[in-house]
Amino acid sequence: MFQLFGSLKTLVKPQSCHIDNHIFRLHYRVTTTLLVAFSLMVTAHQFLGDPIDCVTKRDVPATLLDTYCWLHSTYSVEAAWQKEVGVDVPYPGVDNSIQPELSESKRVYHGYYQWVCFALFTQAIAFYLPHYLWKVCEGGLLKNLILGLDKPILKPSAAKEENIALLAEFLSRSRGALHQKLYLCYVICELLNLMNVLTQMMLMDRLLGGEFFNYGWEVLTFRQASPWPLQYSPMVRLFPRVTKCEFYQFGPSASIERFDTRS
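The residue count restarts for each chain, going from 1 along the sequence in the order it is written. Totals for whole chains, interfaces and linings use every residue, but because this is a predicted model, local features are given only for residues with pLDDT of at least 70 and side-chain atom pairs only at 80 or more, for both listing and counting. With hydrogens and water set aside, each side-chain value is computed from the structure's full complement of heavy atoms.

(A) Seen up close, the environment of serine 73. A run of DSSP states H or I qualifies as a helix once it reaches four residues; a run of E qualifies as a strand once it reaches two. Both are numbered from the N-terminal end. For serine 73, the position within the fold is in the loop between helix 5 (62–72) and strand 1 (74–77). Once the C-alpha coordinates of serine 73 and glutamate 246 are considered, the two residues, 173 residues apart in sequence, prove to be 9.8 Å apart. Once residues lying within four places of it in the same chain are set aside, the contact partners of serine 73 are Tyr109, His110, Gly111 and Gln114. Residue contacts are counted whenever heavy atoms from the two residues lie within 4.5 Å of one another.

(B) Focus on the state of the cysteines. For this text, the term disulfide refers to a pair of cysteine sulfurs within 2.5 Å. By the definition in use, this model includes 1 disulfide. A disulfide-free cysteine, cysteine 137 has its sulfur positioned 3.5 Å from the sulfur of cysteine 185, the nearest such atom. Partly exposed describes any residue whose relative accessible area lies between the buried limit of under 20% and the exposed limit of over 50%, with all areas from a 1.4 Å probe on protein chains only and scaled to the type maximum. Residue classification places cysteine 137 among the partly exposed residues on the basis of a relative accessible area of 30%.

(C) Region of the structure containing a nonpolar patch on the surface. On the surface, Leu129, Tyr132, Leu133, Val136, Leu184, Ile188, Leu192 and Met195 cluster together to form a nonpolar patch covering roughly 730 Å² of accessible area. Of all the secondary-structure elements, those providing two or more residues to the nonpolar patch are helix 6 (116–138) and helix 9 (177–207). Locating isoleucine 188 in the fold gives a position in helix 9. For isoleucine 188, a relative accessible area of 44% puts it in the partly exposed group. Here the term patch refers to residues with relative accessible area over 30% and no salt bridge, with like charges joined within 9 Å and nonpolar side chains (Val, Leu, Ile, Met, Phe, Trp, Tyr) within 5 Å. Every accessible area reported is derived by Shrake-Rupley at a probe size of 1.4 Å, with residue values counting cover from the shown protein chains alone. Criterion for a salt bridge: a side-chain nitrogen of Lys or Arg within 4 Å of a carboxyl oxygen of Asp or Glu.

(D) The arrangement of the pairing of strand 1 in detail. Every second residue of strand 1 is oriented toward a common face, with Thr74 and Ser76 on one face and Tyr75 and Val77 on the other, all of them buried. Pairing of strand 1 with strand 2 (residues 107–110) involves 4 bridges; the strand directions are antiparallel. Residue pairing in the sheet places tyrosine 75 in a bridge with tyrosine 109 of strand 2. Strand pairing is assigned whenever DSSP detects at least two bridges linking the two strands.

(E) Quick peek at the confidence of the model for the chain. Of all residues in the chain, 72% attain a pLDDT of 70 or more, and the chain-wide mean is 76. Predictor confidence is given residue by residue as pLDDT, running from a minimum of 0 to a maximum of 100. Averaged pLDDT values for the elements of the chain fall to 56 in helix 1 (residues 2–5) and rise to 89 in helix 6.

(F) Structural context of the packing of helix 6 against helix 9. Here the axes come from fitting lines to C-alpha atoms, over the contacting stretch only for helices, and the angles between their N-to-C directions go from 0 to 180 degrees. At a closest axis distance of 9 Å, the pairing of helix 6 and helix 9 adopts a crossing angle of 175 degrees. Classified by the angle their axes make, helix 6 and helix 9 are roughly antiparallel. Each of Ala119, Gln123, Ala126, Phe127, Pro130, Leu133, Trp134, Cys137 and Glu138 in helix 6 lies in contact with helix 9, whose residues at this interface are Leu182, Cys185, Tyr186, Cys189, Leu192, Asn193, Asn196, Val197, Gln200, Met204 and Leu207. Taken together, the residues of the contact of helix 6 with helix 9 sort by class into 15 nonpolar, 4 polar and 1 charged. Just so you know how the angles are binned, under 35 degrees is roughly parallel, over 145 roughly antiparallel, 65 to 115 roughly perpendicular, and the rest oblique. Note on residue categories: nonpolar means Ala, Val, Leu, Ile, Met, Phe, Trp, Tyr, Cys or Pro, charged means Asp, Glu, Lys or Arg, and polar means any other residue, Gly included.

(G) Molecular detail of the pattern of salt bridges. Considering all chains together, one arrives at 1 salt bridge under this definition. Ionic pairing is found between arginine 25 and aspartate 20, a salt bridge with its closest N-O pair at 3.3 Å. Residue aspartate 20 is classed as buried on the basis of its relative accessible area, which comes to 12%.

Here's what the structure looks like:
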């Protein structure tokens with residue numbers, strides 16, 4: 001596990017020179033590091049186990065069902081969310097989908113599970129991109145301007161006075177176009193940070209089927225007034241632990257056999 005996250009230490013190591021503000025650093029240091037770490041956790045099957053396990057009583061290889069259901073996505077039965085767990089249904093969202101009244105339009109497919117690792121990694125790149133653009137525009141100028149004057153205690157010396165004079169002279173001579181260019185680049189990068197956050201919120205809401213904006217509030221306001229089999233958390237509805245999957249194959253007489261599995 002340490003080897004898995006060891007490559008992320010370069011993103012969080014302390015810097016001797018800061019070329020932006022604290023909010024900007026939260027975007028490309030904290031958020032990017034967390035997103036990359038979560039993406040690695042999702043894809044690290046050798047550390048965290050299989051992403052899906054299908055249950056069936058038929059003579060079908062478990063690995064075949066796991067791969068098929070993971071690639072083709074699983075689903076929940078919409079009508080089963082309103083039924084009582086332990087009496088009408090075995091689990092929230094899981095019901096007998098062979099019934100004629102449970103048509104295809106009554107199913108809610110969860111196709112985002114296999115795309116989570118790619119979505120998290122793409123988000124990490126998007127959060128880091130404004131910092132990369134600002135770093136290219138700045139070109140290491142601020143680090144070169146320090147000239148050793150960033151130390152809290154400086155001894156009086158001719159070198160210190162000379163560095164202060166050089167810094168003042170440079171700032172006076174480059175007060176025009178250079179400062180305006182850097183200011184414009186920094187403002188554009190800050191706007192990119194804002195646009196990135198808003199765009200990712202809308203894309204995440206679309207990926208989760210329009211449940212993203214209300215999800216946090218529903219989880220915070222959820223109160224379980226009765227034991228678990230009678231109520232379920234909003235987290236169970238958006239990220240179900242048990243779903244359904246259908247698998248078809250030819251039977252001994254060349255007829256189509258349908259396997260209704262739980263995943």
